[in-house]
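Chain and residue survey
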Amino acid sequence: MTMIEIKRVGKVLWWVVKLLLGFSLFAVIYALGQGVWGEFDQLSAPIRCCLPIVFTVLLLGCYAVIRRLVEKKWPSDLSLKRLVPDTGLGLGIGFGYFCIIVAIMLVIGSYRVGQWHALNMDMFLMLIFFLMVATAEEIIFRGVLFRMVDKQLGTVVAYVISALLFGFMHYFQGTLWSSIAIAIEAGLMLAAAYKYTNTLWLPIGIHWAWNFTQGNIFGFMVSGTESGDSLIEPVIKGPDLITGGVFGAEASLIAVAIGAAISYYLIIKGKKAGPVQ
């Protein structure tokens, strides 16, 4: 093996190490955040609200510091100028996405408002908790995985790998179909949003509103997990392929079709964008 080949192999191995270490580090911080949240569920609401915020700041801070140390510059995907507009747009897309899904279910008779509930502290706690969830998963799957694969192996490979792994992450909460659905509608959409804007803020906003709207506004399960009180207590009926069943509306063919359309639009818009920096 020549010296050039040795250097090439060394670069590839170093890239793999960085990818695995980055993925693992933020996965551990995320797991700790979820563990602390569950362990201290008896604390007062104001104190409990602080826990996800602390872990969100920790995640963003670690990501920024590590990228700054390794790449000698502030990561452009954490552009503070884009924080408000991109996050706001993401919140609108995530909220609108589930409004459309529920509207279609209403028309075909698969969803009905059973009872309205007043906003309460439990809903607010879940809103804060879902901020941590969105931030952690977007850093792991988009900021680390998608970005690094995009640079090394190309955008198409990055879309496929990040979407499949994101779907697989949800396998143990549902079924093979629900994992495929998540990969198509969420894995692709969130990666395309990241690629299109070159910031984490848009996918974080989409992801954040997605979970809260689905679970705590419209009363569905969120990726097979109960999310507590909801603004609407629904009456849901029909085949699982239409309603999503016990996994939540994400496993509905309606959600997959609409999510795939949004993903396609964002992928086309992001085609001219270079690798996320």
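Going by the structure above, here's the rest.
Owing to the predicted nature of the structure, the values given are computational and were not obtained by experimental measurement.

1. Some words on helix α2 (residues 45-71)
Note: α-helices contain 3.6 residues per turn, so residues at a spacing of three or four share the same orientation. For α2, spanning 27 residues, the distance from its first C-alpha to its last is 40 Å, which sits close to the expected 39 Å at 1.5 Å a residue. Taken together, the buried positions of α2 are R48, C49, L51, P52, F55, T56, L59, L60, Y63, A64 and R67.

2. With respect to a nonpolar patch on the surface
A surface patch of nonpolar side chains, amounting to about 420 Å² of accessible area, comprises L25, V65, I66, L69 and V70. Top element by residues in the nonpolar patch is α2. It accounts for 4 residues. Among the residues examined, I66 registers a relative accessible area of 35% and is labelled partly exposed.

3. Some thoughts on the packing of helix α4 (residues 121-153) against helix α6 (residues 176-197)
Where α4 meets α6, the axes come as close as 10 Å, and the angle between the chain directions of the two elements is 70 degrees. By the angle class used here, α4 and α6 are roughly perpendicular. For α4 against α6, the interelement crossing comes out right-handed. For the pair α4 and α6, contact is made by E138, R142, G143, F146, R147 and D150 and by G187, L190, A191, Y194 and K195, respectively. In terms of residue class, the contact of α4 with α6 is made up of 4 nonpolar, 2 polar and 5 charged.

4. Quick word on the nonpolar core
Side chains of nonpolar character tend, in soluble globular proteins, to be buried together. Counting residues in hydrophobic clusters, the biggest one holds 67 residues, and the most contacted among them are F26, Y63, Y97, I101, F130, I139 and F218. Those elements giving two or more residues to this core turn out to be α1 (3-39), α2, α3 (83-108), α4, α5 (155-169), α6, α7 (201-217) and α9 (253-269). Leave out the neighbours within four places in its chain, and I101 touches A249, I254, A255 and I258.

5. Notes on the pattern of salt bridges
This model, assessed by the stated rule, comprises 6 salt bridges. Residues E71 and R147 are paired through a salt bridge, measuring 3.2 Å at the closest nitrogen-oxygen approach. Taken together, the residues span a long stretch of sequence, with E71 in helix α2 and R147 in helix α4 at a distance of 76 residues. Classification of E71 as partly exposed rests on a relative accessible area of 25%. A residue is classified by how much of its surface remains accessible, and R147, at 6% relative accessible area, is buried. Among the ionic contacts, a cluster of salt bridges with common partners joins R67, E71, D77 and R147.

Definitions and limits used
Residues numbered from 1 in each chain as written. Predicted model: local features only at pLDDT ≥ 70, side-chain atom pairs only at ≥ 80, totals over all residues. Heavy atoms only, no water. Helix = DSSP H or I, 4+ residues; strand = E, 2+ residues; numbered from the N terminus. Expected span 1.5 Å × (residues − 1). Buried < 20%, exposed > 50% of the residue type's maximum accessible area, 1.4 Å probe, protein only. Patch = residues over 30% accessible without salt bridge, like charges linked within 9 Å, V, L, I, M, F, W, Y side chains within 5 Å. Areas by Shrake-Rupley, 256 points an atom, 1.4 Å probe, with all protein chains shown as cover. Salt bridge = Lys/Arg side-chain N within 4 Å of Asp/Glu carboxyl O. Axes fitted to C-alpha atoms, helices over the stretch in contact; angles between N-to-C directions. Parallel < 35°, antiparallel > 145°, perpendicular 65-115°, else oblique. Left-handed = near helix turned anticlockwise from the far one by under 90°. Contact = heavy atoms within 4.5 Å. Nonpolar A, V, L, I, M, F, W, Y, C, P; charged D, E, K, R; others polar. Core = buried A, V, L, I, M, F, W, Y, C linked by side-chain atoms within 4.5 Å.

These figures capture arrangement, not role.
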